[in-house]
Each structure stands twice: as C-alpha cells, then as structure tokens.
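Chain by chain, the residues:
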Amino acid sequence: MSRVDPTAGREQLLWGWGRTSPARATVVAPERAEQVVDVVRSVGPTGVVARGLGRSYGDPAQNAGGVVLDGTSRSGLLELDLARGIARMEAGTSLDDLMKWLVPLGWFVPVTPGTRIVTVGGAIASDVHGKNHHKKGSWGNHVLSLRLVDGRGEVRDLSPTEEPDLFWATVGGMGLTGIILDATVQLQAVSSSRILVDSDRAADLDEVMALMIDGDDDYDYSVAWIDVMAKGRRLGRSVLDRGRFATRDEVLAAGVHRPADYAPHHLASVPDLFPSGLVNHLTVKAFNELWFRKSPARRRDALMGIEHFFHPLDMVSDWNRVYGRRGFIQWQYVVPDEASDFVRYSLERISGAGLPSFLSVLKRMGPGNAGHLSFPIAGWTLTIDIPVTAGLDELFDDLDRRVADLGGRLYLAKDSRMDPALLAQMYPRLEEWREIRDKADPQHRFRSDLGRRLGLV
Ligand SMILES: Cc1cc2nc3c(=O)[nH]c(=O)nc-3n(C[C@H](O)[C@H](O)[C@H](O)COP(=O)(O)OP(=O)(O)OC[C@H]3O[C@@H](n4cnc5c(N)ncnc54)[C@H](O)[C@@H]3O)c2cc1C
C-alpha cells in the first residue's frame, strides 16, 4: 500500500474548544522533524500555525485559508532520566499519555490544566497554569530546554540560558514564534496516584477569598468552584478543594492496594446535536443548586484519584457540545491582589445579567515568569463559561476594559472576542515580544486566526 505524504495536506474545518469560529485550513501532519522544516520553508503567504489537541477555546490553533500543522503526529518520550525525573518528549505528546506512562513510575507533570487532553507543545505555547500556580508557577517554569523551528526553517535550541529571549517569547507565544519540535521537562516526584483533599463549602465570596488567603500556602493545589448564578447574600458561594499528593503509606493505610496505579477513563459522551436551548437560566441554576447542596460542608483528607481532583470535566468526552450549535465563550481574567474587589464586581455584573453559567473557577496565582505574553501574574484569576447569546459583547467589552485598567489581563488561550486595542495595555511587554518574533520570523510565516484578530501578525 502506498503511503500518504504527511506534508501534502488535506482541507479541514477546525474549531477551538468553544466552537465559536470554525475555519477551513490545509492540515499537514509531518511525522519527522525534517518534514516540519520543509513545511515551514515552503509555506506561502497565508502562513502556518501548529495545532495540538485543539483545547484552546478560541482561534489560536486555526489559520483560515492557510496551513495548520497537526503536532500530534509527533508524539512519544525520547529520553527519560528516572532518577532525576527529567524527560524529553515530542511536542505532540499529550499530558494524558505522559501521566499514564509516568505516574506508575513515581513522576507527575509539574503543572496540569483542568484537562489532560492537551499536548506539551500546547502547554508551552499557552504557558498553561494549574491548581498549583501559587506554588509552582506555570509550564514554562519547568521547561529546561526546547527545540523550535523558526520562520527561516532553522532548528533552534532554546533554554532559559541559551537564547533566553526567544525561549521566553515562545513560552506563552501562542505558536507565533515557530513550531516546537520537542522539549525537556523537569517532572514532579509523587509517591502515589492519589490526592488527599480537604473541602470547605463557603457561603459567600468573602468567606472563600478569606479561606484562600489564609490557607492556600498550606496546600500544593487549590481551586474554588463558584456558583456564578447565586446572587445577593449568596454571591460567590463556593466549594473550595485543596490538597496534596498522598504518600504511598497513606494510600495503603486507607486500604487501597497498588497505590501508584493510574488508569483514567471516560464515563460518557455528549451527543452531537445537543439542542442549544437546553443550557438556560433555569436548568443551570437547578444544576448549580444541587451541586452546592450535595457538596460536603467540611471534609478532611478525602482520598481522590488524579482524574477526579484535576480533570473532572475529562470524564465526559466532548462536553463542549452541551452548549449547542452556537458554542460558548470562556472568559478568564487575572487581576493583581490590589484589585481583588474586582472579583466581586465581575460576579455581580455576570450574575446580575442572568447569564447561564455552570460552575466557575477561582484561583490564586503566584508571581508570573519571564514569558513576554505569559498570562499569570500574582493575584486572582476567575474563569467562566457562557453560552453565546445576544448582548454578551457589550457586557464583556466593558469588563475587559476594567480588567486592563486594573493592571490585569485576559488569557489568550481562552479568548475569542477581546478588543485588540486592549492587548498592549494587558501585556505591557508586547513590543519586546514583537521585536524578538520579528527576528525569529522576519516574514511572519507563523500566522493564526488569533494572530490576525489581535493584530499580532
Ligand atoms: C476543559 C479545559 C480546561 C482547561 N483548563 C486550563 C487550566 O486550568 N489552565 C490553563 O492554563 N489552561 C487550561 N485550558 C486551556 C488549555 O490548557 C490550553 O489552551 C492549551 O494550550 C491546549 O493545548 P492543546 O494541545 O490542545 O493546544 P491547541 O489548543 O491545539 O493550541 C494552543 C496553542 O498552542 C500552539 N501550539 C500547539 N502545539 C504547538 C507546537 N508544537 N509548537 C508551537 N506551538 C504550538 C498553537 O499554535 C496554539 O497557539 C483548559 C482547556 C479546557 C478545554
């Protein structure tokens, strides 16, 4: 049987996870580094962008009318130093695979987002954060080195000490500095596959924020799930889950055998044609109410599996279809500690508008890293999913401006609608990033729908 040329390409309609702005592109799936170089060198004026597992919400992994390079055809571990927990892997390797391979060996990814269905390339390009940002920072903090194909088709070896400018422009650079081929990463040692979790139900926003300020330092991981539909006295009522990996002995003492076993699974999937109207004010309010009442008021040392604590949404495949054909936006901002009142303000505006939103997530962030376009800064980050409805832009345009004026920013991996005029205010090192990118990619071969929408390319 003759083999299909993986660089020949096929036209495909691509979406972000929010399913809001699909675009057609020619998708190529090179399997070897030389083929990635060939694609970059031969690409026309419509440019190319890498795509991982398409878990960013908006349009950064799309390139309408151009080429999209499917990074997932290059996946796998290349080297593993089990004693030191240092692994080199192809950029298309998923965190899901890494966990399956490494957890039984006593190693975990240094940072995991709320889904493990993301690639290493996507994790670096978005500089993703997790429930441990206050302790461990974001993905870029743990990358020891990476190889990047730049806009001239040259393979560059980058690290925080070797060509640090291009390294940090790539961390959080949304794929616009080049194609990451592989990366060497410092893993985190774990002695079991279970988390010991403390849960506290908080009656309102003040209570949950106070709990987080007082106690987060005592925990490796922390996340508050907020009922955004609650108003008035109950505004911000939430369940705060905090924990750390259990030791082998703690797991054995709980009567669980084989403490390092890890075999996550999907429970269900959502049908393709979920009616748009099903996610409405009433259904979501009822769901949130039930969830809040069902959660324990105070629970200590519950033993949870990795997938239950870190990736509850991954248990339902394609849950993004629940929002119907029009899709949904995820709005995520971070504001510095001095602007913590904005958390209340934003919740009041959103719950006041009666927008149906399932649980939203509140986290504390520690200091950011040297990534020019990296999202995290020390302060509060709030994440909300909202189905696309009329009037959304008006509300969020106003909230976005306030975020920018307070020294905060929106997360580019989640964005699908922000005003490009706010970008430089939110990301004050944007010009520095452009200069580095222009040197690495003078012809702007790396192009994406997000890049065009925000005036980055
Ligand atoms: C349910 C859910 C929960 C999430 N929770 C979090 C969270 O807690 N924290 C967080 O930070 N994010 C979170 N995210 C967002 C997600 O982690 C990021 O969008 C991540 O980048 C997705 O990785 P991906 O492999 O799917 O990349 P894609 O979505 O396919 O691409 C994302 C970006 O990475 C670039 N890219 C991909 N591969 C390469 C490569 N080889 N070389 C260069 N650039 C590349 C693309 O060009 C694009 O700009 C969540 C997403 C979902 C769906």
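One can find the structure itself at the top, above this paragraph.
All figures in this text were calculated on a predicted structure; none of them were measured in a lab.

A look at the side chain of R434
Turning to step 1, where the next piece is worked out: Residue position: R434 is located in helix α13 (residues 430-440).
Turning to step 2, where the next piece is worked out: On the basis of relative accessible area, R434 is assigned to the buried category, the value being 19%.
Turning to step 3, where the next piece is worked out: Polar contacts involving the side chain of R434 include one to the side chain of E431, which spans 3.1 Å.
Turning to step 4, where the next piece is worked out: Not counting residues up to four positions away in its chain, the partners in contact with R434 are G455 and L456.

Some points on the sheet that holds strand β10 (residues 179-186)
Turning to step 1, where the next piece is worked out: Read across the open sheet, the five strands follow the order β5-β6-β10-β8-β9; overall the sheet is antiparallel. In this open sheet, the two strands that pair with only one neighbour each are β5 (77-81) and β9 (155-158). Ignoring which end each strand starts from, the neighbouring axes of this sheet average 10 degrees apart.
Turning to step 2, where the next piece is worked out: Two strands pair when backbone bridges link them, and strand β8 (residues 143-149) and β9 are joined in this way by four bridges, in the antiparallel orientation. Bridge pairing in β9 links L146 to L158.

Some points on the pairing of strand β14 (residues 238-245)
Turning to step 1, where the next piece is worked out: Most of β14 sits out of view: seven of its eight residues are buried.
Turning to step 2, where the next piece is worked out: Looking at chain direction, strand β12 (residues 194-202) and β14 are connected through eight bridges and run antiparallel. Across the sheet, R201 pairs through a bridge with V239, a residue of β14.
Turning to step 3, where the next piece is worked out: Strand direction decides the pairing type here: strand β13 (residues 221-226) and β14, joined by six bridges, are antiparallel. Each residue of the ladder has a partner; that of A224, found in β14, is L240.

So, the site of the ligand
Turning to step 1, where the next piece is worked out: As a matter of local geometry, the ligand sits amid 35 residues, with A50, G52, S56, T119 and Y411 nearest to it.
Turning to step 2, where the next piece is worked out: Between a nitrogen atom of the ligand and a main-chain N or O atom of H129, the distance comes to 2.7 Å.
Turning to step 3, where the next piece is worked out: Here an oxygen atom of the ligand and a side-chain polar atom of Y411 are 2.7 Å apart.
Turning to step 4, where the next piece is worked out: Looking at the shell around the ligand, the elements with two or more residues in it are β3 (48-51), α3 (120-125) and β10.
Turning to step 5, where the next piece is worked out: Classifying every residue of the shell around the ligand gives 19 nonpolar, 12 polar and four charged.

Basis of the calculations
- Residues numbered from 1 in each chain as written.
- Predicted model: local features only at pLDDT ≥ 70, side-chain atom pairs only at ≥ 80, totals over all residues.
- Heavy atoms only, no water.
- Helix = DSSP H or I, 4+ residues; strand = E, 2+ residues; numbered from the N terminus.
- Buried < 20%, exposed > 50% of the residue type's maximum accessible area, 1.4 Å probe, protein only.
- Polar contact = N/O pair within 3.5 Å; in protein donor to acceptor, adjacent residues only side chain to side chain.
- Contact = heavy atoms within 4.5 Å.
- Pairing = 2+ DSSP bridges.
- Axes fitted to C-alpha atoms, helices over the stretch in contact; angles between N-to-C directions.
- Near = heavy atom within 4 Å.
- Nonpolar A, V, L, I, M, F, W, Y, C, P; charged D, E, K, R; others polar.

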